[in-house]
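One letter stands for each residue in the lines below.
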Amino acid sequence: MKAVLMAGGSGTRLRPLTCDIPKPMVPILNKPIAEHIINLLKLHGITDIIITLYYLPHVIQNYFGDGHEFGVNITYAVEEKMPLGTAGCVKAIESLLDDTFIVVSGDALTDMDLSAAIKSHKEKGAVASILLKRVPNPLEFGVVITDDDGRIRRFLEKPSMSEVFSDTINTGTYILEPEVLKLLPADQEVDFSKDLFPQLLERNDPMFGLIGEGYWEDVGNLQSYRQAHYDILEEKLKIEMPFTRHEGNIWVGEGTIISPSANLTGPLVIGHNCQIGPGVTMTPGTVIGDNVIVCEGSSLKRPVIWNNVYIGEDTALRGCVIGKNTSVKRGANILEGAIIANECVVGEHANIRPNVKVWPNKVIESGATLTSSLIWGANAQRGLFGATGVEGLVNIEITPEYAVKLGASYGATLPLGSSVTVSRDATPASRMINRGLISGLLSVGINVHNLESTSIPIARYQVPELNARGGVHIRLSADSENEVIMEFLDGKGLSISKAEEKKIESNFFKEDFRRVGLMDIGNISFPARVMEHYSNGFLKALDAENIRKLRPKIVIDYANSFSNVMLPSMLGRLGAETVVLNAHMASSPPTPRQREELREQLANIVTALKATFGIQIDDNAERVYLVDTRGRIISNSQLLVLMVKLMTLLKPGCKIAVPVSAPSIIEEVAKGGGCEIIRTKVNSRALMEAARQDGVEMAGNLDGKFIFPQLHPGFDAMITTGKITEALAASGQTLVELVDALPEFHHLHEAVTCPWEQKGTVMRVLVEQNKHGKTEMIDGVKVFSDGGWALVLPDPVDPVVHLYADATSAMQADQLIEDYAGMIRKLTDREEVLV
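Residues numbered from 1 in each chain as written. Predicted model: local features only at pLDDT ≥ 70, side-chain atom pairs only at ≥ 80, totals over all residues. Heavy atoms only, no water.

Chemist: Can you help me understand the overall build of the protein in this one?
Modeler: Counting its regular elements, the protein contains 21 helices and 55 strands. In terms of overall dimensions, the protein has a C-alpha envelope of 110 × 65 × 50 Å along the principal axes. Considering the protein as a whole, with its 835 residues, one finds that 57% of them fall into the buried category. Considering only contacts within the protein whose residues lie at least 6 apart along the sequence, 59% involve residues at least 24 apart. With 80 positive and 102 negative side-chain charges, the protein shows a spacing of 4 Å between the two charge centroids. (Helix = DSSP H or I, 4+ residues; strand = E, 2+ residues; numbered from the N terminus. Buried < 20%, exposed > 50% of the residue type's maximum accessible area, 1.4 Å probe, protein only. Contact = heavy atoms within 4.5 Å. Lys, Arg positive; Asp, Glu negative; His and termini not counted. Charge placed at Lys NZ, Arg CZ, Asp CG, Glu CD.)

Structure (structure tokens):
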């Protein structure tokens, strides 16, 4: 017997899930509905299947092929000119049907006994048999009434309430004799229920209804789609479950890794090759597709998640559906009935309200609250570059293919035959992306100096040393273990300018880059003595004699983030005794909380050893955290003020660059040593450019990052450690004494959510409200009042506005933050959301 599987429907009531796939390809328990139907047909010995197609036919053809992989033989019939209706598409293949055949709908889930129905059809000598099902609400279906022998006496397609005369409905599964097709016109849109069955009733042909036992669900809308999953988990129907069943009715696929601290309550399904992180909570009814990552602390209550989805840390999913290849970033909330279609990105801390639908390929901004469906608009990525370079989720947003394209886009901005450096941290993820990037550079005729595994300060130092036109350094983010950052450098070792970023972005999005011939493909070299060259420059930038007199004891914590530890040996050559902690590379980068715990450990060890100071080196050797002999961990704002004080002792009369957001007390501290403060924009590039000015000895920001341009014009935790040591030696004071002597100041920072489209309004109103007062607009708007100031600074990457307050008292600083945060929320008419 042959089967006709009607799979031409577009599934408009399942939108947005069916925008880019036909309805029969919507997955139920990680398999398309059509595959479940084919498995049912095969179970009943029906292996010769004709699939009728209309909407996106190639999707089904590519998935099933000739059916050999699924144990059946499949033939396709495509309605190319127009949809022919349920009966018209079968009429079109009349020549292929020469015996009793069965017609099944491509959007219903069932385990009814087809063999028994076929047997009954033949025993009764029927020309048509309809499988029937009793349901509580028949309004959405064709209602059928039969006599005691099962012969159909009345039929009505989708009746109104006043027309309901039975609870027995048409399931869309028919057993037919080929002669009934002669009653239908060719090449016209005709339907079984409206056009064929009424004729058979009128002719009094033998047409029977067979009430099927078992499960049946028309997956015709989003509610029934979710319900079908829940019914499977509650074992209301028999269906193939290609997973291992564990205690508590938890089905798990092959290759899936579940953290021991995850809290799972069945029944639920986790597909193949998934990763479930620590502290993840899943409740009954949760369905997770294949190749899904669920990160630490996330809470999943009855969501249906398709394949290849990323769920970030501390997200909350509640009775929603998440389409394939979608990323849900950290802290997002998606509520009951919401649908996120394929290829979307939900930003950090975004909120998707109940029943909101998001169409494919949309980007929900970080911090946004979506209260209505998002259908139109491309919502494309604003640009490749973030605050520190190109960054994204490893193997999800930043893939090897992406890296190849990015490498070619960057290389195409440089002259043919130019050289660049490429370096990375020691993680496997960075190594993978590094190789893709190099391939892209070579393909456009750029030569690569491969520095391999090293830190970014060394990479910056090497760019001018090797006469390279620029460089790229690849590392995992210190703030998120799943994100990789690709930082681009110019020929001086500085972060590239915005204009250079735009050139790379233009090439990337337009795919406008050259392809060179065989003889012009770039070469790879591996420069020798890279560490030695940096070490020599490091030692030349310090007063070795004074440091040797101090004979300091320094505790260095590498926070399990580095494989190449060279600072202790360099300090040892200066007569320093070093104690090294956590100097091995962890299998995964430590989380911010773990780094904080390591700093507390560092503080205890510094106190116990009575060390000169302790230092934690973080963020690929750019950032420092300082601990004094008493075990006090110096805050970032206090550290910047302290470093200015140290420079007044080490280099009286010098220039020091700091961002406009830094505390005002810095000018007072600098004045005591005759030093000049240069205020810059907050971004890293501005600080690096200022550091290259004549007379500038140091530049620093509020993130624990400092530049000493005598070595190179980039952030460098190693030379920062050396300069702290040198300054202590020159001053003759202990770090404790210097910290205790710092003047009191009150400096706060908050970030307030603000939609992109409202940022301009916020800044305009702020300027208008303060046009008669004292303001400063180096970067953002700084408003002075009563001996203090508030800086309002839009974030260049995320939909937030940064507030900085500097005041003579803690109360005044708090009030400034509260006042300006309130103003922003009032203007944007949003709920309070602090990042």
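So, next bit.
Chemist: I would appreciate a short explanation of the environment of Glu-757 in the present structure.
Modeler: Note on placement: Glu-757 falls in helix 20 (residues 756-769). Residue Glu-757 is classed as exposed on the basis of its relative accessible area of 57%. Spatially, the C-alpha atoms of Glu-757 and Pro-799 are 9.0 Å apart, while their sequence positions differ by 42 residues.

Chemist: Explain helix 14 (residues 592-609) to me, please; I cannot follow it from the model alone.
Modeler: The α-helix winds at 3.6 residues per turn, so residues separated by three or four positions along the chain end up facing the same way. Given a rise of 1.5 Å per residue, 18 residues ought to cover 26 Å, and the 26 Å separating the end C-alpha atoms of helix 14 matches this to within 8%. Taken as a whole, helix 14 has its buried residues at Arg-595, Leu-598, Arg-599, Leu-602, Ala-603 and Val-606. On an axial view of helix 14, the arc spanned by its buried residues comes to 155°, and they lie on one face. More than 90 degrees from the buried face of helix 14, the exposed residues found are Asn-604 and Ala-608. The elements touched by buried residues of helix 14 are strand 42 (553-557), strand 43 (577-581), strand 44 (613-618) and strand 45 (623-627). Among the residues trailing helix 14, Lys-610 stands out with phi positive, at a value near 50°. (Expected span 1.5 Å × (residues − 1). Arc of directions from axis to C-beta.)

Chemist: Is there a simple way to think about a nonpolar patch on the surface in this case?
Modeler: A grouping of Leu-518, Met-519 and Ile-521 is seen on the molecular surface, where their side chains present a nonpolar patch of about 390 Å² in accessible area. On the basis of relative accessibility, which here comes to 39%, the residue Ile-521 falls in the partly exposed class. (Patch = residues over 30% accessible without salt bridge, like charges linked within 9 Å, V, L, I, M, F, W, Y side chains within 5 Å. Areas by Shrake-Rupley, 256 points an atom, 1.4 Å probe, with all protein chains shown as cover. Salt bridge = Lys/Arg side-chain N within 4 Å of Asp/Glu carboxyl O.)

Chemist: Honestly, the pattern of salt bridges in this entry has me stumped. Any pointers?
Modeler: Side chains that differ in charge, positive against negative, can pair when their charged atoms come close. Under the counting rule described, the total for this entry stands at 34 salt bridges. Salt-bridge contacts for Glu-596 lead to Arg-593; the nearest nitrogen and oxygen are separated by 3.0 Å. Taken together, the residues Glu-596 and Arg-593, both in helix 14 and three residues apart, mark about one turn of the helix. By relative accessible area, Glu-596 is classed as partly exposed at 35%. Its relative accessible area of 43% is what places Arg-593 among the partly exposed residues. Lys-782 serves as the salt-bridge partner of Glu-776, at 3.7 Å between the closest nitrogen and oxygen. By sharing partners, the salt bridges in this structure join Arg-460, Arg-475, Glu-487, Glu-622 and Lys-705 into a single network.

Chemist: Just checking my understanding: could you explain the sheet that holds strand 42 for this structure?
Modeler: The strand order 43-42-44-45 describes an open sheet built from four strands, whose pairing is mixed. Each having just a single partner strand, strand 43 and strand 45 make up the two edges of the open sheet. Taken pair by pair, the neighbouring strands of this sheet meet at an average axis angle of 25°, ignoring direction. Packing against the sheet, helix 18 (residues 717-731) makes contact with strand 42, strand 44 and strand 45, and its axis sits at approximately 165° to strand 44. (Pairing = 2+ DSSP bridges. Axes fitted to C-alpha atoms, helices over the stretch in contact; angles between N-to-C directions.)

Chemist: Would you mind showing me how to read the packing of helix 7 (residues 400-411) against helix 8 (residues 428-443) here?
Modeler: In the contact formed by helix 7 and helix 8, the axes pass within 7 Å of each other and the chain directions differ by 40°. In terms of orientation, helix 7 lies oblique with respect to helix 8. The way helix 7 lies across helix 8 gives a crossing that is right-handed. Facing Pro-400, Ala-403, Val-404, Leu-406, Gly-407, Ala-408, Tyr-410 and Gly-411 of helix 7, the residues of helix 8 in contact are Met-432, Ile-433, Gly-436, Leu-437, Ser-439, Gly-440, Leu-441 and Ser-443. In terms of residue class, the contact of helix 7 with helix 8 is made up of ten nonpolar, six polar and no charged. (Parallel < 35°, antiparallel > 145°, perpendicular 65-115°, else oblique. Left-handed = near helix turned anticlockwise from the far one by under 90°. Nonpolar A, V, L, I, M, F, W, Y, C, P; charged D, E, K, R; others polar.)

Chemist: Sorry, what's going on with unusual backbone geometry here?
Modeler: With the exception of glycine, the majority of residues adopt a negative phi angle, and the majority of peptide bonds are in the trans configuration. The step from Arg-15 to Pro-16 runs through a cis peptide bond, and the omega angle for that step is 10°. The residue Pro-16 is located in the loop between strand 1 (2-6) and strand 2 (27-28) in this model. At the junction of Gly-266 and Pro-267, the peptide bond is cis and its omega measures out at 5° in the coordinates. Tracing the backbone shows Pro-267 in the loop between strand 17 (263-264) and strand 18 (268-270).

Chemist: I would appreciate a short explanation of the packing of aromatic side chains in the present structure.
Modeler: Any two aromatic rings considered together are summarised by their centre-to-centre distance and by the angle between their planes. With the rule as written, the count across this model stands at twelve aromatic pairs. Measuring from ring centre to ring centre gives 5.0 Å for Phe-64 and Phe-70, while their planes differ by 55°; the resulting arrangement is tilted. Among the aromatic side chains, those forming a connected cluster through ring pairs are Tyr-63, Phe-64 and Phe-70. When the ring centre of Tyr-625 is taken as origin, the NZ or CZ atom of Arg-599, which lies over that ring, is 3.8 Å away. (Phe/Tyr/Trp six-rings, centres within 6.5 Å; stacked < 30°, edge-to-face > 60°. Lys NZ or Arg CZ within 6 Å of the ring centre and 35° of its normal.)

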